[in-house]
Amino acid sequence: MKIAILTSGILPVPAVQGGAVENLIDFYLEYNDRHMLHDITVYSVYNKHAVSRPELRSDVNHYRFIRTKTLAAKVRRRLLHAVSRNEYYNYHIEYYLDRAIKDIRRCHYDIIIMENRPGYAMKVRANSDAKLILHLHNDLLNNTTRLCEDIRNTLSGVICVSNYIAKRVLTIDTTAGNPVTVYNGIDLKTFSPSHDGKTKRSVLGLSDDDFVLIFSGRINHDKGIDQLIDAMIRLHEHSRIKLIIIGSSFFGNVDNKDDNFITQLKKKAGSIEDRIIFTGFIPYNQVPDYLHAADAAVIPSVWDDPFPTTVLEAQAVGLPIITTDRGGIPEEVGSANAIITPTGDGFVAGLADAIYRLYANADLRKRMGEASLERSVLFAKERFAEDFFNAIAQSIR
């Protein structure tokens, strides 16, 4: 089949700037290249590093880059914004979509896959008779979504990253078929146990005797990092408990000095600043090195996180996990490898208790780490890609 991929319109594919959605696109494109299943064209925003990647030499995957940051693009964006009304997204994203559609009109695609952008559906349908499939990573299509019934009835299929997201789609009163869940995958070769997992510790000023926790992800209120620091403060008497915080407020190399929330976090952590390391943004290919330096991972999301890949990454390197009962997270872990802490009243105390429980029990950490490794094979990128293409076939029957 001839397939087009519409990306988010923000980050490039290949995923040279990271992004969970973009990495997943890379995974199924890699699988398609290896098995030569379909003729796929990806519409990506331009990035000078992306256009030189070896992936572009594929015989079955094709990349069309849309320049969104040139002077001409800025002028066209402004013009588009001036003449358009009731656009679904901001004019930066709508400009990307407008340019992609101009090319789509010239091509005949059997299927168009929209990555996490339900708002593309109506405009794409007006310009193509291809079957439309939405790959939904976030809670963006439910009974409160603008034009939800029109969008849902336009789609031939919805592929969701978790049953939680699928249930949210089903809140829409429509005769459209049921969504399909395809769990995300990760590269188990990149995220694997290390035989020399403590080498990063000396670089970070940590000792082999420290009990090291790690948080990885975007740093904002929803991710529960504020409450995690509160839990660390509760454990101030246990000086060997250390925390590595990987990430910034957005993708890319953001200057954390200018981020108000991160500044507030650092101020809050002032009394235990020698026990918390803020690394800032770390390139994705370096994240495993930091995970290998840790004894346990904490993913303390306080929102309904759909299916965070940070959980899968920690699991794959064999770390015990402390996390919450929100969104799709309980679908990722099991009782053998994770301590699931309910959010709400008593959340900080629950986090602190879970941390101390792992800190005080090396045997429990070992058992949970082994269980994480066993569970990680369920989320291999090859399994994800195979299930993804099977779900596409199922959706268009």
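Here's what I pulled together on the structure shown here. Note that this is a predicted model, so its numbers are computed, not measured.

Turning next to empty space enclosed by the protein. Per the counting criterion, the structure on display carries 1 cavity of 30 Å³ or more. By volume, the largest cavity amounts to about 50 Å³. Put simply, the parts of the chain that give the lining of the largest cavity at least two residues each are strand 8 (211–216), strand 11 (296–299) and helix 11 (309–316).

Turning our eyes to something else, we now look at the packing of helix 13 (residues 347–359) against helix 14 (residues 362–376). When two helices pack together, their arrangement is given by the angle between the helix axes and by the axis-to-axis distance. Closest axis-to-axis distance for the helix 13/helix 14 pair is 6 Å, and the angle between their directions is 100°. What the angle tells us is that helix 13 and helix 14 run roughly perpendicular. Residue-level contacts link Arg357, Leu358 and Tyr359 of helix 13 to Leu364, Arg365 and Met368 of helix 14.

Attention now goes to the pairing of strand 1 (residues 2–6). The buried fraction of strand 1 is high, at 4 of 5 residues. As defined by bridge partners, strand 1 adjoins strand 2 (residues 39–45) across 5 bridges and the pair is classed as parallel. Paired with Ile3 across the two strands is Ile40, which belongs to strand 2. Since strand 1 and strand 2 lie parallel, the crossover through helix 1 (residues 20–35) that links them has a hand, and here it is right-handed. Where strand 1 and strand 4 (residues 111–115) come together, 4 bridges link them in parallel fashion. Note on strand 4: the bridge partner recorded for Leu6 is Met114.

The term disulfide refers to a covalent linkage connecting the sulfur atoms of a pair of cysteines. Here the structure, examined in full by the defined rule, presents 0 disulfides. Just so you know, Cys148 is unpaired, no disulfide at all, and the nearest cysteine sulfur is the one on Cys160, 14 Å from it. Taking the relative accessible area as the measure of exposure, Cys160 reaches 0% and is therefore buried.

With respect to the helices and strands, the residue Asn184 is situated in the loop between strand 7 (180–181) and helix 7 (199–204). Judged by its relative accessible area of 4%, Asn184 falls in the buried class. For the pair Asn184 and Thr154, spaced 30 residues apart in sequence, the C-alpha to C-alpha distance is 25 Å. Asn184 has contacts with Leu24, Val161, Phe307, Thr309, Leu312, Phe379, Arg383 and Phe384, leaving out every residue within four places of it along the chain.

Let's shift gears to the packing of aromatic side chains. Here the structure, examined in full by the defined rule, presents 18 aromatic pairs. Geometrically, the ring pair formed by Tyr28 and Phe389 is edge-to-face, given 6.0 Å between the ring centres and 80° between the ring planes. Residue Tyr28 is found in helix 1, and its partner Phe389 is found in helix 15 (residues 381–395); the two are separated by 361 residues along the sequence. The pair formed by Tyr28 and Phe389 is uniform in burial state, with each residue classed as buried. Within the aromatic cluster, the residues linked to one another by ring pairs are Tyr28, Tyr31, Phe384, Phe388 and Phe389.

Inspection of every chain in the model, using the stated rule, returns 18 salt bridges. With a closest N to O distance of 2.9 Å, Lys381 and Glu30 form a salt bridge. Note that Lys381 is positioned in helix 15 and Glu30 in helix 1, a separation of 351 residues in sequence. Note on Lys381: relative accessible area 10%, which makes it buried. A relative accessible area of 34% means that Glu30 is categorised as partly exposed. Two residues, Arg168 and Asp139, come together in a salt bridge whose shortest N-O distance is 2.9 Å. Remark: Asp139 occurs in the loop between strand 5 (131–136) and helix 5 (148–154) and Arg168 occurs in helix 6 (residues 163–169); sequence separation between them is 29 residues. A relative accessible area of 24% means that Arg168 is categorised as partly exposed.

Cut-offs and rules
Residues numbered from 1 in each chain as written. Predicted model: local features only at pLDDT ≥ 70, side-chain atom pairs only at ≥ 80, totals over all residues. Heavy atoms only, no water. 1 Å grid on protein atoms, 1.4 Å probe; cavity = no way out; pocket = protein on both sides within 12 Å on 5 of 7 lines; lining within 4 Å. Points joined across faces, edges and corners; volume = space filled by probe spheres on them. Helix = DSSP H or I, 4+ residues; strand = E, 2+ residues; numbered from the N terminus. Axes fitted to C-alpha atoms, helices over the stretch in contact; angles between N-to-C directions. Parallel < 35°, antiparallel > 145°, perpendicular 65-115°, else oblique. Contact = heavy atoms within 4.5 Å. Buried < 20%, exposed > 50% of the residue type's maximum accessible area, 1.4 Å probe, protein only. Pairing = 2+ DSSP bridges. Right-handed = clockwise from strand over helix to strand, strands pointing away. Disulfide = S-S within 2.5 Å. Phe/Tyr/Trp six-rings, centres within 6.5 Å; stacked < 30°, edge-to-face > 60°. Salt bridge = Lys/Arg side-chain N within 4 Å of Asp/Glu carboxyl O.

Purely geometric numbers; function is a separate question.
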